[in-house]
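Structural characterization, general
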Amino acid sequence: MIGKKKPSLSVLEALSARPIRLIEIEIEPRDGGGGVLKVPLKQTRWTGWLFRLPDGATKRFELDAIGKMVWEQCDGKTSVQQIIRKLARFCRISPAEAKPATLSFLQMLGRKGLVGFAGKERKTDS
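This structure is a prediction, so every number in the text was calculated from the model and none was measured.

If you tally the helices and strands in the protein, you get five helices and five strands. The order of helices and strands in the protein, counted from the N terminus, is α-β-β-β-α-β-α-α-α-β. Taking as baseline every contact in the protein between residues at least 6 positions apart, the subset at least 24 positions apart corresponds to 62%.

Another point: the nonpolar core. Here is a general trend for soluble globular proteins: nonpolar side chains tend to be buried in one another's company. With 23 residues, the main nonpolar core has Leu37, Val70, Trp71, Leu109 and Leu114 as its most contacted residues. Elements that contribute at least two residues to this core include exactly β3 (35-40), β4 (58-63), α3 (65-73), α4 (80-91) and α5 (95-111). Sorting elements by how many residues they give to this core places α4 first, with five residues. Not counting residues up to four positions away in its chain, the partners in contact with Leu109 are Trp71, Leu114 and Val115.

Going through the model one piece at a time under the given rule, you end up with five salt bridges. Ionic pairing is found between Arg60 and Glu62, a salt bridge with its closest N-O pair at 3.2 Å. Exposure remark for Arg60: the relative accessible area of 42% places this residue in the partly exposed category. Put simply, Lys68 and Glu72 hold a salt bridge, and the shortest N to O gap is 3.9 Å.

The phi torsion at Arg92 lies on the positive side, around 55°, for a residue other than glycine. Relative to the helices and strands, Arg92 resides in the loop between α4 and α5.

Our focus in this paragraph is the side chain of Gln73. Topologically, Gln73 is positioned in helix α3. When neighbours within four sequence positions are excluded, Gln73 is seen to be in contact with Pro19, Thr78, Ile83 and Lys86.

On the basis of which strands lie adjacent, the open sheet formed by three strands has the order β2-β3-β4 and antiparallel pairing. Whereas interior strands pair on both sides, the edge strands pair on one side only; in this sheet they are β2 (27-29) and β4. Across the sheet, the axes of successive neighbouring strands diverge by a mean angle of 30°, strand direction being ignored. Sheet topology note: the β2/β3 ladder contains three bridges and is antiparallel. Bridging from a neighbouring strand, Glu28 pairs with Val36 of β3.

In this section: the side chain of Thr78. For Thr78, the position within the fold is in the loop between α3 and α4. Leaving out residues up to four positions away in the same chain, Thr78 has contacts with Ala17, Arg18, Pro19, Gln73, Ile83 and Lys86.

Let's shift gears to α4. Structural remark: α-helix, 3.6 residues per turn; residues separated by three or four positions point the same way. Taking 1.5 Å of rise per residue, the 12 residues of α4 would be expected to cover 16 Å, and the 16 Å separating its terminal C-alpha atoms lies within 8% of that figure. What α4 keeps buried is the set Val80, Ile83, Ile84, Leu87 and Ala88. Angular distribution of buried residues about the axis of α4 spans 140°; they occupy a single face of the element. On its buried side, α4 packs onto α1 (11-16), β1 (18-21), α3 and α5. The positive-phi residue at the C-terminal boundary of α4 is Arg92, with phi of around 55°.

Cut-offs applied
Residues numbered from 1 in each chain as written. Predicted model: local features only at pLDDT ≥ 70, side-chain atom pairs only at ≥ 80, totals over all residues. Heavy atoms only, no water. Helix = DSSP H or I, 4+ residues; strand = E, 2+ residues; numbered from the N terminus. Contact = heavy atoms within 4.5 Å. Core = buried A, V, L, I, M, F, W, Y, C linked by side-chain atoms within 4.5 Å. Buried < 20%, exposed > 50% of the residue type's maximum accessible area, 1.4 Å probe, protein only. Salt bridge = Lys/Arg side-chain N within 4 Å of Asp/Glu carboxyl O. Pairing = 2+ DSSP bridges. Axes fitted to C-alpha atoms, helices over the stretch in contact; angles between N-to-C directions. Expected span 1.5 Å × (residues − 1). Arc of directions from axis to C-beta.

As structure tokens, this is what we get:
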């Protein structure tokens, strides 16, 4: 079967997943408690056909204080649910209010290849 879809996670599985940084980079601090992630870019075969990346090329991700706090919790030990609770305390809001923003931010980090998600192995039908 071409393009076989991965089975979707249940809500419980998603909340118990533990985000982990896929790249180890330091955050460059900024005023206001935020910071900048400078991700080194790699020359690929595809980009090499179009243009040559300069040595030391980076992509920058600006994080506010909340984004920086969530990034720092992506240690492979802290669950998504725990991050939501910490964010709720940090922002003085309810966990229900913190949940959508946290999940959205973590999904974006995952799409950008900055974090992965560790969890219990699931049995799949083969």
